[in-house]
Amino acid sequence: MKGDEILLPADHPAARFITQDIALCADDRPTLLMIAEPDAWGCLEAAATAVGARLLGSVCLEEAAIRLDRIAHVDMIVLCCARPHAALPGLLTRLDAMAAANDAALVMVTSMDCLDIAYAHHRAPATQWLCDPRDTELAAAITLGLRMRERDPLLRDIGREGDSARIDRLSEEVGRIARALDVLTERSEAAQRPEGSWLAERQGGYVAQPAAASLAPVGDELTAGHIRALLRTRRLRDHFLPPDMFADPAWDMLLDLMAARLSGEQVSVSSLCIAAAVPPTTALRWIRQLTDRGIFVRQADPADGRRVFIALSDDAAAAITQWYVARRRILRDEL
């Protein structure tokens, strides 16, 4: 050490980080740290640059704890975990604590393979969860998180719950716009193809069973088979009409969890996202909202502490049973 200057060998692990911090100290843009495997750095850094953030650096999961120790302040952390990693549980626990202290906005980017582990170890309510996102979704999530950080800290502390709800709504709207752009692109490409019936293309040779078959009388006891039959009829619509006309992930997940409850099965977060029949990122937002409202409950996996299961609350299960009984009476009266 010389005066106020700290001298480190050029090959010291912290030397690279100190050099980055000195170079960026005069920049007043919101700060962002990327934690990901090196093969994902380019895409993540491009997203940060696109939204005007000041990138403090990109580090791999092994170096993340050391980097966090050295940061005095950061506005946002983006953690990208494409596959399970030994350092992930401890890192997620630390980010949970940072989120509770409102030290940084968090964006969690996972693959389906890593979703269950990540969800089990991170419970911060305001975290934005993305699963296999498009570039536009990632950029939008970063933008929304940084915009929320720009608000007055006192107002943010008072209205934290409201902020979380607003982020959810804004994220959903951005996702909807991104999907709409994808649809427009597909339609533009379709215009170059020979004319054909959209209905015929969607059916793709599918032969539907008679509608009356789904209305056959059932016994008095609600079973998993009855619920799964309802789910099959819901998926049947997608063969004949545009699926986005009937996007109802909450109901699909409720039915899937009810079927699992009746058959004694357990449902992982990743499995529930698939059952929702919407993009995984959208499904994750619904899972969080329904869990916050007490309709879904988290259950630890007794055989594997690295993941959790999602189940229906007792009240929600009772409500679905009552709905099914009322529905059956109506059908019998009409038939």
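It should be noted that the structure appears before, not after, this text.
Everything in this summary refers to the structure shown in the same document.

### Some details on the pattern of salt bridges
Then step 1. Scanning all chains against the criterion turns up seven salt bridges.
Then step 2. A salt bridge links Arg235 to Asp252, with the shortest nitrogen-to-oxygen separation between them at 3.3 Å. One end of the pair, Arg235, is in helix H10 (residues 224-236); the other, Asp252, is in helix H11 (residues 249-263), with 17 residues separating them in the sequence.
Then step 3. Note on Arg235: relative accessible area 27%, which makes it partly exposed.
Then step 4. The partner of Asp301 in a salt bridge is Arg307, with the nearest N and O atoms 2.8 Å apart.

### Thoughts on the side chain of His121
Then step 1. Along the chain, His121 turns up in helix H5 (residues 112-121).
Then step 2. A distance of 3.1 Å separates a polar side-chain atom of His121 from the backbone oxygen of Ile117.
Then step 3. When residues no more than four places from it in sequence are discounted, the contact partners of His121 are Pro89, Leu92, Thr93, Asp96, Gly305 and Arg306.

### As for unusual backbone geometry
Then step 1. One non-glycine residue, Asp132, adopts positive backbone phi at about 45°.
Then step 2. Along the chain, the position of Asp132 falls in the loop between strand E5 (128-131) and helix H6 (135-149).
Then step 3. The backbone of Ala277 shows a phi angle near 60°, a positive value even though the residue is not glycine.
Then step 4. In this structure, Ala277 sits in the loop between helix H12 (269-275) and helix H13 (280-292).

### Some remarks on the sheet that holds strand E2 (residues 54-59)
Then step 1. Across the sheet, five strands lie side by side as E2-E1-E3-E4-E5; this open sheet has parallel pairing. In the strand order of this sheet, the two ends are held by E2 and E5, each with one partner. Averaged over neighbouring strand pairs, the angle between their axes works out to 15° when direction is ignored.
Then step 2. Contacts between helix H2 (residues 41-50) and the sheet are confined to strand E1 (31-35), E2 and strand E3 (76-81), with E2 contributing the most and set at about 170° to the helix.

Cut-offs used in this document
Residues numbered from 1 in each chain as written. Predicted model: local features only at pLDDT ≥ 70, side-chain atom pairs only at ≥ 80, totals over all residues. Heavy atoms only, no water. Salt bridge = Lys/Arg side-chain N within 4 Å of Asp/Glu carboxyl O. Helix = DSSP H or I, 4+ residues; strand = E, 2+ residues; numbered from the N terminus. Buried < 20%, exposed > 50% of the residue type's maximum accessible area, 1.4 Å probe, protein only. Polar contact = N/O pair within 3.5 Å; in protein donor to acceptor, adjacent residues only side chain to side chain. Contact = heavy atoms within 4.5 Å. Pairing = 2+ DSSP bridges. Axes fitted to C-alpha atoms, helices over the stretch in contact; angles between N-to-C directions.

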